[in-house]
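# A closer look at the structure
So you can see what is in the structure, the chains are spelled out below.
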Amino acid sequence: MSISIKTKGVRWVTFIPPPGEALYPVVWIGVSQVDKSWQKSDLYITPGGGWSGNPERYDKFGKWMERKEPVQIASLRIVDDVIEFNDGRHRFAWLRDHGVTVMPVHVDPDKVELVKNRFGVVGKLD
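Note that the structure is predicted; figures quoted are calculated from it, not measured. (Residues numbered from 1 in each chain as written. Predicted model: local features only at pLDDT ≥ 70, side-chain atom pairs only at ≥ 80, totals over all residues. Heavy atoms only, no water.)

### Side note on the overall build of the protein chain
Spelled out, the test is: By the criteria applied, helices consist of DSSP H or I runs no shorter than four residues and strands consist of E runs no shorter than two, each listed in order from the N terminus. Remark: exposure states derive from per-residue accessible area (1.4 Å probe, protein chains only) relative to the maximum for the residue type, with buried under 20%, exposed over 50%, and partly exposed in between. Surface accessibility in these figures is a Shrake-Rupley result with a 1.4 Å probe; residues are shielded only by whichever protein chains are displayed.
Per the secondary structure count, the protein chain includes four helices and seven strands. Helices and strands in the protein chain line up, N terminus first, as β-β-β-α-α-β-β-β-α-β-α. When each of the 126 residues of the protein chain is scored for burial, the buried share is 41%. In the form shown here, the protein chain has an accessible surface area of approximately 7400 Å², with 52% of it arising from carbon and sulfur atoms.

This is the structure:
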């Protein structure tokens, strides 16, 4: 089962976990604010997909977007005051580089308020 949210031409999808696994909350974030914090990470992907550890993933995601496929919401965490991605850093980087300014992310339930306060956005999201 999945739920979808469409905004800025992207259809966002989050998969509902199987019974017994936690559904992580979604927070809408400002891409530039998250990117600024993420730049401090060793796993930062520079504009254009530079040093990504898996350079083919950045390009593959571009092809994914050409097919207008739904995009799974990325998951992030904060480690020592720096953004790290559990999942989705190549998606985030590609979307950042192609003009997406607001997107949803999954966060640990105990970090929702922190992420909202530092990176969250409010207002109309379509």
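Read on, since the account is not over.
### Digging into the pattern of salt bridges
A side chain of one charge can pair with a side chain of the opposite charge when the charged atoms of the two come close. Just so we agree on the cut-off: When a carboxyl oxygen of Asp or Glu is within 4 Å of a side-chain nitrogen of Lys or Arg, the pair counts as a salt bridge.
Across all of its chains, the model carries five salt bridges by this definition. Arg67 is the partner of Glu69 in a salt bridge, and the nearest nitrogen-oxygen pair spans 3.8 Å. For Glu69, a relative accessible area of 31% corresponds to the partly exposed category. A salt bridge links Arg91 to Asp87; the nearest nitrogen and oxygen atoms lie 2.8 Å apart. With relative accessibility at 34%, the residue Asp87 sits in the partly exposed group. Salt bridges here are not isolated pairs; linked through shared partners, they connect Asp35, Arg96 and Asp97.

### Quick notes on helix 4 (residues 112–119)
Note the following rule: Arc definition: it is the arc formed by the directions from the helix axis to the C-beta atoms. Contacts between residues were defined by any pair of non-hydrogen atoms, one from each residue, lying within 4.5 Å.
Along helix 4, the residues classified as buried are Val112, Val115 and Phe119. The buried residues of helix 4 occupy an angular sector of 75° when the element is viewed end-on, so they sit on one face. Residues Glu113 and Asn117 are exposed on helix 4 and point more than 90 degrees away from its buried face. Lining the buried residues of helix 4 we find strand 3 (26–30), helix 1 (31–38), strand 5 (74–79) and strand 6 (82–87).

### A few points about the pairing of strand 3
Rules: The criterion for strand pairing is that DSSP finds at least two bridges linking the strands in question.
Here strand 3 lies mainly inside the structure; four of its five residues are buried. Both strand 3 and strand 7 (residues 102–106) contribute to a ladder of five bridges, which runs antiparallel. Note that in strand 7 the partner of Trp28 across the bridge is Pro104.

### A word on the pairing of strand 7
Summarising burial for strand 7: five of the five residues are buried, a large majority. Side chains Val102, Pro104 and His106 project from strand 7 onto one buried face, and the interleaved Met103 and Val105 project onto a second face that is buried too. Relative to strand 7, strand 5 is paired through two bridges, and the arrangement is parallel. Paired with Ala74 across the strands is Val105, a residue of strand 7.

### Section: unusual backbone geometry
Non-glycine residue Asp80 carries a positive phi angle of around 50°. Take Asp80: it is sitting in the loop between strand 5 and strand 6. In this structure, Asp81 is a non-glycine residue whose phi angle is positive, near 70°. Structurally, Asp81 is set in the loop between strand 5 and strand 6. Since its relative accessible area comes to 47%, Asp81 is described here as partly exposed.

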